[in-house]
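Spelled out, the chains give:
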Amino acid sequence: MKKRQILQNITAAAAIVSLIIALLLTSFQAAIYGDPEYRFYEKEYEKYQVAESLHMETEDIMDVTDRMMAYLIGEREELSVITRVDGREQDFFNEQDRFHMGEVKDLFLGGLRLRNYLLAAAALFLFLLVIGKTDLGKVLPRAYFISLGVFGALTGILGCLFASNFNKYFMIFHEIFFDNDLWIFDPAEDYMIRMLPEGFFFDFVIRIGGFFLGGLILLGGLAGGWMIFRKRKRRL
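In this report, we go over the structure that sits alongside the text.

Criteria and cut-off values
Residues numbered from 1 in each chain as written. Predicted model: local features only at pLDDT ≥ 70, side-chain atom pairs only at ≥ 80, totals over all residues. Heavy atoms only, no water. Helix = DSSP H or I, 4+ residues; strand = E, 2+ residues; numbered from the N terminus. Rg over C-alpha atoms; globule rule 2.2 N^0.38 Å. Contact = heavy atoms within 4.5 Å. Areas by Shrake-Rupley, 256 points an atom, 1.4 Å probe, with all protein chains shown as cover. Phe/Tyr/Trp six-rings, centres within 6.5 Å; stacked < 30°, edge-to-face > 60°. Buried < 20%, exposed > 50% of the residue type's maximum accessible area, 1.4 Å probe, protein only. Lys NZ or Arg CZ within 6 Å of the ring centre and 35° of its normal. Patch = residues over 30% accessible without salt bridge, like charges linked within 9 Å, V, L, I, M, F, W, Y side chains within 5 Å. Salt bridge = Lys/Arg side-chain N within 4 Å of Asp/Glu carboxyl O. Axes fitted to C-alpha atoms, helices over the stretch in contact; angles between N-to-C directions. Nonpolar A, V, L, I, M, F, W, Y, C, P; charged D, E, K, R; others polar. Arc of directions from axis to C-beta. Polar contact = N/O pair within 3.5 Å; in protein donor to acceptor, adjacent residues only side chain to side chain. Expected span 1.5 Å × (residues − 1).

**So, the overall build of the chain**
The secondary structure content of the chain amounts to 9 helices and 2 strands. Of the regular secondary structure in the chain, the N- to C-terminal order runs α-α-α-α-β-β-α-α-α-α-α. Rg of the C-alpha trace for the chain: 22 Å, well past the compact-globule value of 18 Å for 236 residues, more than 25% over. With respect to the three principal axes, the spread of C-alpha positions in the chain is 75 × 30 × 30 Å. Taking the intrachain contacts of the chain between residues at least 6 apart in sequence as the baseline, contacts between residues at least 24 apart amount to 77%. Total accessible area on the chain stands at roughly 14,100 Å², and carbon and sulfur atoms take up 63% of it.

The following block contains the structure:
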């Protein structure tokens, strides 16, 4: 009996962890593509005076943004936008931009595929719990709040690290996910890094965290409500 309960608890934990990681990856997508008009990007450009830095019109910057984002999601084959920048008509992106953004595209689309696999895994684990006649109202909320504590602690630690020295840990992130130094740009030569300054990425990390936290709160509310409903039902 104890072995069965242990197995059920492990399966429930696997389902919840898969779901939470899938939620994190979905938070990236929501933060990046949640607004089809890219109003967040436009506000950031105004905040960091990107138009002045690039000597471009905001309308042209938004056109570059729209095409760049279409490329990252796989809707465009090539990252090339002829526009007026620095007072002359030219391609906004250079070869280094294209190489690095190609790697970013692969990383992003790979993350979305992983998210789908995790959701499928979570569904499979839940199916195993159901056919095993598991008391879902007991094991799932408990597994969620335990997992929430672990992920909450990890998120808090990462948040403190990034807040203490964003540039340092932003560089570590790139060193982990990229096996070259072509993510290091020179603002004097690379327009893309002028369009996307460090402050933009700091604000974006906060935006992603907001979506992730909101999703965790929603799931926590559902788990808590389920536990309360279950207790009240027992008293009747």
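**Overview of the packing of aromatic side chains**
Under the definition given, this model contains 19 aromatic pairs. With 5.5 Å between their ring centres and 75° between their planes, F40 and F204 make a pair best called edge-to-face. Placement of F40 in helix α2 (residues 39-47) and of F204 in helix α9 (residues 198-235) is noted, with a sequence separation of 164 residues between them. Like F204, F40 is buried. Between F92 and F93, the ring centres sit 5.1 Å apart and the planes meet at 75°, which makes this aromatic pair edge-to-face. F93 shares its class with F92; the two are buried. Between K105 and the ring centre of Y71, over which it is positioned, the NZ or CZ distance is 4.5 Å.

**Looking at a nonpolar patch on the surface**
Taken together, L107, I172, F173, I176 and F177 make up a surface patch of nonpolar side chains, about 440 Å² in accessible area. In terms of residue count, helix α7 (residues 166-177) provides more of the nonpolar patch than any other element does, 4 residues in total. Structurally, L107 is set in helix α5 (residues 95-131).

**Section: unusual backbone geometry**
Phi angles above zero are rare outside glycine, and Y38 is one such case at about 55°. Looking at the secondary structure, you find Y38 in the loop between α1 (2-33) and α2.

**Some thoughts on the packing of helix α6 (residues 136-164) against α7**
Contact pair α6 / α7: the axes reach a minimum separation of 5 Å and the direction vectors enclose 115°. In this structure, α6 uses L161, F162 and S164 to contact α7, whose residues at the interface are F166, Y169 and F170. Partitioned by chemical class, the residues of the contact of α6 with α7 number 5 nonpolar, 1 polar and no charged.

**What to know about α2**
Burial in α2 covers these residues: F40, Y41, E44 and Y45. One side of α2 holds all its buried residues, which, seen down the axis, span an arc of 140°. Away from its buried face by more than 90 degrees, α2 exposes K43 and E46. Taken from the residues just after α2, Q49 is the one with a positive phi, measuring 55°.

**Considering the side chain of S27**
Relative to the elements of secondary structure, S27 occurs in helix α1. Separated by 3.3 Å, the side chain of S27 and the backbone nitrogen of F212 make a polar contact. Setting aside residues up to four positions removed in sequence, S27 forms contacts with I208, F211 and F212.

**Some words on α6**
Compared with an ideal rise of 1.5 Å per residue, which puts 29 residues at 42 Å, α6 spans 41 Å between its outermost C-alpha atoms and is within 8% of the ideal. Along α6, the residues that are buried comprise G137, V139, L140, P141, A143, Y144, S147, F151 and F162.

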